[in-house]
Structures are given as structure tokens and as C-alpha cells.
Amino acid sequence: MRSAVWLIERPRWFKRFFLIANDLVLLTIALWAAYSLRLSQFYIPESFGMILLMAAAPIIGVITFHMRGLYKLVTRYIGPEGTTRIYVAVIIAVLAWALLVLLSGIKGHPRSVVVIYGLIAAGLIRLSRQWAGSLLLKAAPQHKPVSFDERKNVIIYGAGTMGIQLLRALNETNQFNMVAFIDNSPSLAGQVVHGVKVLRPGKIGKVITTENVKEVLLAMPSALRSERRAAIKALEPFPVVVKTLPALEEIASGRVEVSDLRPIEVEDLLGRDPVAPELELLTGHVKDKVVMITGAGGSIGSELTRQLLELGPKTLILFELSEVALYEIDMEIEELKWRRAKEPEAAPLADTKIVPVLGSVLDRKLVARTISNYDVEVIYHAAAYKHVPLVEVNPFTGLQNNTFGTLTLAEAAKEARVERFVLVSSDKAVRPTNVMGASKRLAELILQALAEPHGTTVFTMVRFGNVLDSSGSVVRRFRNQIQAGGPVTVTHPEIIRYFMSIPEAAQLVIQAGAMASGGEVFVLDMGTPVKIDDLARTMVRLSGLEVRDDDNQDGDIAIEYIGLRRGEKLYEELLIGENTTGTSHPRIFKNSEPVLAHAELVAALERLDDAIQRHDEADLQEMLRATVEGYKPGGTGHPASVKDEWQPVSRMLH
């Protein structure tokens, strides 16, 4: 072991010299053994010419090995590809030596010696590399020897390319005992891959129990989200920690490392199979345009910023109220541009000018000056107070920002003849039970009223539900509560919500905005709603823990029901009316919603503004009831209605 440590610390040229010397000795031994086996006696060369011929074999061998790049391989991580390269190099070296034997003219030379020499040489060279690699791995500073009993029993779910690469990485650490592969493929069932048996998913429970498996490693491409979800669902009943790998294309090094493993994220639980974006829709109203994003530092705003930057706008204006959030997204974009410039193989970013603007959308002068000074052509309005409980106890501030902020921005956009104005709305705007939802519906009504059939500015809005892992989301709260040892708090056992990943939501917002002709409400297909209680229990189980309840008093994490908060619904809706039609995109739908006449809306907003200025909540609530269709403050929905809502928008069309 000391010699291995000593060798690791030597310069690269010394290690190559050591390998060359090793190969010269082994090839000489292989050749001598081949002659001795063929002649059934210890062979002694009979002539000086024969000595030269035998001496040429190992020299030809190391020259061939050098030319084939064997001495550039890292011995510790030689793997199957390196083994194949060794065998090919040995074959070439043996054939070259056989040609020399033929040209030498020495008569009576046994032809079978060539074959025997090749077989022995290939075996000795491969075994020497395998032995040296094992010794060097154990001696490496980062390697901690682990006894067989201390090694962790694990299962790899997925016996494809990712699974095999992961197995190699695990074997190199010597800290894991691979019990089995699990794979759905009928052709792989019962087969052995790299010494590990492949089993069908139906046998996973028995293997986990009999082998005391505590971790299952998911090695499936992220593009096959439906298969990943099926695998995760199959693992839910078992007390194991489930970890996963990113897609191969996301691993910059080109090979799977143990450090790439990460805990299961909520996207793995709820994510959907991706739909390729329509490039024409993405770039049509963005490329070479001056684009402004309000709320640019928020969950949706920041993702819109990232995605829009890739589409080549001329100028990107980041409008944000929070100094911290604006600073972070501005620095992130600058770092991204710098990194792309340093990576020649990466797709270059367009020379987009980034303009950070710190301020509120209620600041009419700042908004108008920003739009005018930079000749803004497209606006994505994502600035809003979104947390229902906070807006419920701060209704005046919430309405000012969400409703009157939209009014200020929209009027400035119309005056400046901005080409396109896209409002990021919410499913809470549909028959709202809280001020936040009512404020977003009022914002929609404002855009509908401002939209003119042949107006210069196209006003439109995009409505969707919760985004996964956004700031303040239930997913983040559950994760933190589980890490703290619980309990996990759920408001109601029957509450359900729609979910969508932040990148998918932002991408669909951009595409929906490009489809608009004016006044439409676009609805994103959120898929099937998720029962929050089920989500909490699944997150607990996939953390390798058990839920503590009446049926399992010895569980690890308790689920506590704390009751619906003020203004919170049991379920959310996406549509007010029934006039929903499809679009060219399978996950974007267009809905015709009720519209208030411009004069009626102006009068309602004036009274609402007066109530806000006087801090008269009673009058404010009365105005919301009179103006926002279906508004019932403090309502919670009812469990009997939940089943009727468990249909994606796409199914409602049939």
C-alpha cells in the first residue's frame, strides 16, 4: 500500500515509465511462456537471430501501446472502454510481430506461438492494469477503506446507459454493495449486467426486505418523466431513501459520478413529459426587441428573464421593487453571459443589453420614463404580491400593487404604443375567495377593458396555478419541516392544488403571449391536480422515513392538520366560463371570459381607490363583491365539489 501511495505522488512521466517497464517484462514473460507451452519444455533460443526476434516482440508491443494511447489512460478508472483498447492494442502488436517473423525468413517457427502469445499477453496486461487500479484506488487520499460489512446495500432502478455508468462509479468508491438492477424491460429481466442481476419491478419489495436495502438510486433519463414517476410510485411503500441522477446531457464531465446523485425533487414527483416548444412562438415577439419584465427578481420573473435572454432580445429591462432580488438576478445574468463567453462549445448568447430598474409599478413617472427612454416594445408583467394569507391581512397594499399597479403599467404601455403586454395571472382569480385572487381578476378586467379590436397594443393574460418550489411554496415548507424532524403541517386533508414547474410555466407564458390578438385569457393545462396530503406523505416516505399516524405510532414524521387559512380554497379553478378553445400548442388554451364595460370598470376602480385611501375595508369588500364575479370572501369550497374539479383543462374540451 505504501508503494501505491508513493506511486500516486510521482510525476506523470515517471508513472508512464513504470507502466512501460511493466509491459516489457510481461510481454517477455508471455512470449517465453508461449514458446514453452507450444514445445512442451522450457524454451531456450537456438540462435542469435531467434534472440533478436524474441526481443523485438515486447518492443513492438510497447510502441503499439503508446501509439494506441494506453499510457494516457488513468489506471484507476480504466473501465470497459480501456479494456477494449488494451485488447485491440495487443492484437495489433501481435500481428506486427507475426509479420516480422514472416519477413525474418527463420524456418520451422511454430505458427501457433503467435496465437498463444497474443492470448497470454492480453490476459497479463489486463490483469496487471486491474490489479494496479485496485491498489491505487485503495491508496488514493480520498478513498476510505470500508469493510464488506460496512458497505451500504443499494439498488439501481434502471439498467440502461445511466445505470451502468452509475454502477461503475459506485464500484470505484468501494463503499456500496450493489444488490440488483430493477428494470421494466422484458428483455433484461433475469439477465446479468456487469455481474449484477436485473429484476422486474414486482420483485423489488422482496429484495429490499431480504437484503436490508436502505437506498434506491434512480438512473433514468429525465426526459422520460412518466416512467420516472411510475418508478417513484412503485418505491413509495418501502422505507428507503430514493436518490436520482440528472440527465446525461446535464453532466458536464461526460461520465456519471457518485456526487451527481441527489435526493428526489418535487419535479420528479409531479413533473410531466416535456412538450417541445414552438420556436416561432418563442422568438416571434422577442428576438431583436426591447423587452421589459416587471417583478424580474421573483420566481416567475427571474425564469422569464433567463429564458428570454436565450431568445436574443435587443434590450432586457429588469424592473423590480426588491433591491436584493434585482441584484441577484442581475448578477446571475452577468455571470451567465461571462461563463458562456468563456465556453467555446456552448451556444453563444446574443449581445443583449441588460438594464436593471429599481422601483414600483405604482410609480407612474418612473414606469412611463422607463418605457419611453428605452422604446419598450414588449412587456411581461409578473410583479405581484402572491401570498394569499399576507394579502388577506394587508388588503389595501395588495390591491394597490396587484390591481392599480397593473392599471398604471397598462395605461403607460398604451400611451407609449407598446406592441404587446402580457399579464402573468393566477388560477386564484377564478371565483376568488380572497383579496389576492380578486386583485388578479381585477387586473385581468383592466386589460380586457383596454384591449381594442384594432388597437396598437395587444393586451393579453396567461392564467395558471402553483409553480413548483417557488418562494414560499408548500413544497419548500414540507422539505424544511421534514429536515427538522416534523411535524409536516397540512391545512386540510382534502385540499388539492395544480402544479407546474417554473421553467415550463415561463416557457408557456412566452408562447401564449405570442399567440395573442388582444383581450384573450390564455389558460395553461396544469395536468391533474395533486392532493396536498398525499404529496406530504410521499415526500416523507421518499426521504427514507415513515409517517407517524394512528396506524403507525412508531413512525418518524407526523402529519398535522392546522385548518384552512383565511381566504384559502379547498380547490382551485382555471376557468370562469365554458367558452374554451384549443390553440396550436397542446398545453395552451384560450378562454373567453366575462368583460366589464370600460365606463363601468372605471367607476368601480374609482370607488375602490377611494375605499383604499380611506382604509375602509367594509366598503372595499362590498366593491369587490359587486365587481369581481363569484367573489366570496373567506369561502373554502366544499369537499363534494372536489371530484368535479379533478380534470385537466384539456379534458374539459371534450
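Here the structure is a predicted model, which means the values were calculated and not measured.

What counts and how
- Residues numbered from 1 in each chain as written.
- Predicted model: local features only at pLDDT ≥ 70, side-chain atom pairs only at ≥ 80, totals over all residues.
- Heavy atoms only, no water.
- Helix = DSSP H or I, 4+ residues; strand = E, 2+ residues; numbered from the N terminus.
- Pairing = 2+ DSSP bridges.
- Axes fitted to C-alpha atoms, helices over the stretch in contact; angles between N-to-C directions.
- Contact = heavy atoms within 4.5 Å.
- Parallel < 35°, antiparallel > 145°, perpendicular 65-115°, else oblique.
- Left-handed = near helix turned anticlockwise from the far one by under 90°.
- Nonpolar A, V, L, I, M, F, W, Y, C, P; charged D, E, K, R; others polar.
- Core = buried A, V, L, I, M, F, W, Y, C linked by side-chain atoms within 4.5 Å.
- Buried < 20%, exposed > 50% of the residue type's maximum accessible area, 1.4 Å probe, protein only.
- Arc of directions from axis to C-beta.
- Expected span 1.5 Å × (residues − 1).

## Topic: unusual backbone geometry
Excluding glycine, most residues fall at negative phi; most peptide bonds, likewise, are trans.
Okay, so step 1: In this chain, Gly 486 is followed by Pro 487 through a cis amide linkage whose omega measures 0°.
Okay, so step 2: Within the element layout of this structure, Pro 487 appears in the loop between α17 (474-483) and β15 (488-490).
Okay, so step 3: Of note in the backbone geometry, Asp 288 takes a positive phi value of approximately 65° without being a glycine.
Okay, so step 4: Mapping Asp 288 onto the fold places it in the loop between α10 (279-284) and β8 (290-294).
Okay, so step 5: The phi dihedral of Arg 431 falls on the positive side, at around 40°, and the residue is not glycine.
Okay, so step 6: The topology assignment puts Arg 431 in the loop between β12 (420-424) and α16 (435-450).

## Here's the deal with the sheet that holds strand β13 (residues 458-463)
Okay, so step 1: Spatial ordering of the open sheet is given by β10-β9-β8-β11-β12-β13-β18-β23-β22, a layout of 9 strands whose pairing is mixed. Every other strand in the sheet has two partners, leaving β10 (353-358) and β22 (580-582) as the edge strands with one partner each. Pairs of neighbouring strands in the sheet enclose a mean axial angle of 20°, with direction left out of account.
Okay, so step 2: For strand β18 (residues 521-524) and strand β23 (residues 588-591), the ladder comprises 4 bridges, and the chain directions are antiparallel. Bridge pairing in β23 places Val 521 opposite Asn 591.
Okay, so step 3: Lying over the sheet, helix α12 (residues 323-342) contacts β9 (315-320) and β10, oriented at roughly 170° with respect to β10.

## Regarding the packing of helix α20 (residues 598-614) against helix α21 (residues 617-627)
Okay, so step 1: For the pair α20 and α21, interaxial distance at closest approach is 9 Å and the crossing angle is 160°. In terms of orientation, α20 lies roughly antiparallel with respect to α21. The two elements α20 and α21 meet at a crossing, and its hand is left-handed. Of α21, the residues touching α20 (which contributes Ala 604, Arg 607, Leu 608, Ala 611, Ile 612 and Arg 614) are Asp 619, Leu 620, Glu 622, Met 623, Leu 624 and Thr 627.
Okay, so step 2: Among the residues forming the contact of α20 with α21, the class breakdown is 7 nonpolar, 1 polar and 4 charged.

## Some remarks on the nonpolar core
Okay, so step 1: Among the nonpolar cores identified, the biggest contains 53 residues, and Ile 371, Ile 379, Phe 421, Leu 608 and Leu 624 are the most heavily contacted of them.
Okay, so step 2: Those residues in contact with Ile 371 that lie beyond four places of it in its chain are Met 292, Val 376, Ile 379, Leu 409, Ala 412, Ala 413, Ala 416 and Val 418.
Okay, so step 3: Counting residues in hydrophobic clusters, the runner-up holds 44 residues, among them Val 424, Val 467, Met 500 and Ala 505.

## A word on helix α7 (residues 204-211)
One turn of an α-helix holds 3.6 residues; hence residues three or four places apart share an orientation.
Okay, so step 1: Residues of α7 that are buried include every one of Ile 204, Gly 205, Val 207 and Ile 208, and no others. Angular distribution of buried residues about the axis of α7 spans 165°; they occupy a single face of the element. Facing away from the buried side of α7 by over 90 degrees, the exposed positions are Lys 206, Thr 209 and Thr 210.
Okay, so step 2: Among the residues trailing α7, Asn 212 stands out with phi positive, at a value near 55°.

## Some remarks on the sheet that holds β15
Okay, so step 1: Spatial ordering of the open sheet is given by β15-β21-β20, a layout of 3 strands whose pairing is parallel. Here the strands that pair on one side only, and so sit at the sheet edges, are β15 and β20 (547-548).

## Quick notes on α20
Okay, so step 1: Its 17 residues give α20 an end-to-end C-alpha distance of 24 Å, which sits within 8% of 24 Å, the value for a rise of 1.5 Å per residue.
Okay, so step 2: For α20, the set of buried residues is Leu 601, Ala 604, Leu 605, Leu 608, Ala 611 and Ile 612. Angularly, the buried residues of α20 cover 120° about the axis, an arc narrow enough to put them on a single face. Opposite the packed face of α20, turned more than 90 degrees from it, sit the exposed residues Ala 599, Glu 606 and Gln 613.
Okay, so step 3: Against α15 (395-415), α16 and α21 lie the buried residues of α20.
Okay, so step 4: Once α20 ends, the next one or two residues include His 615, with phi positive near 55°.

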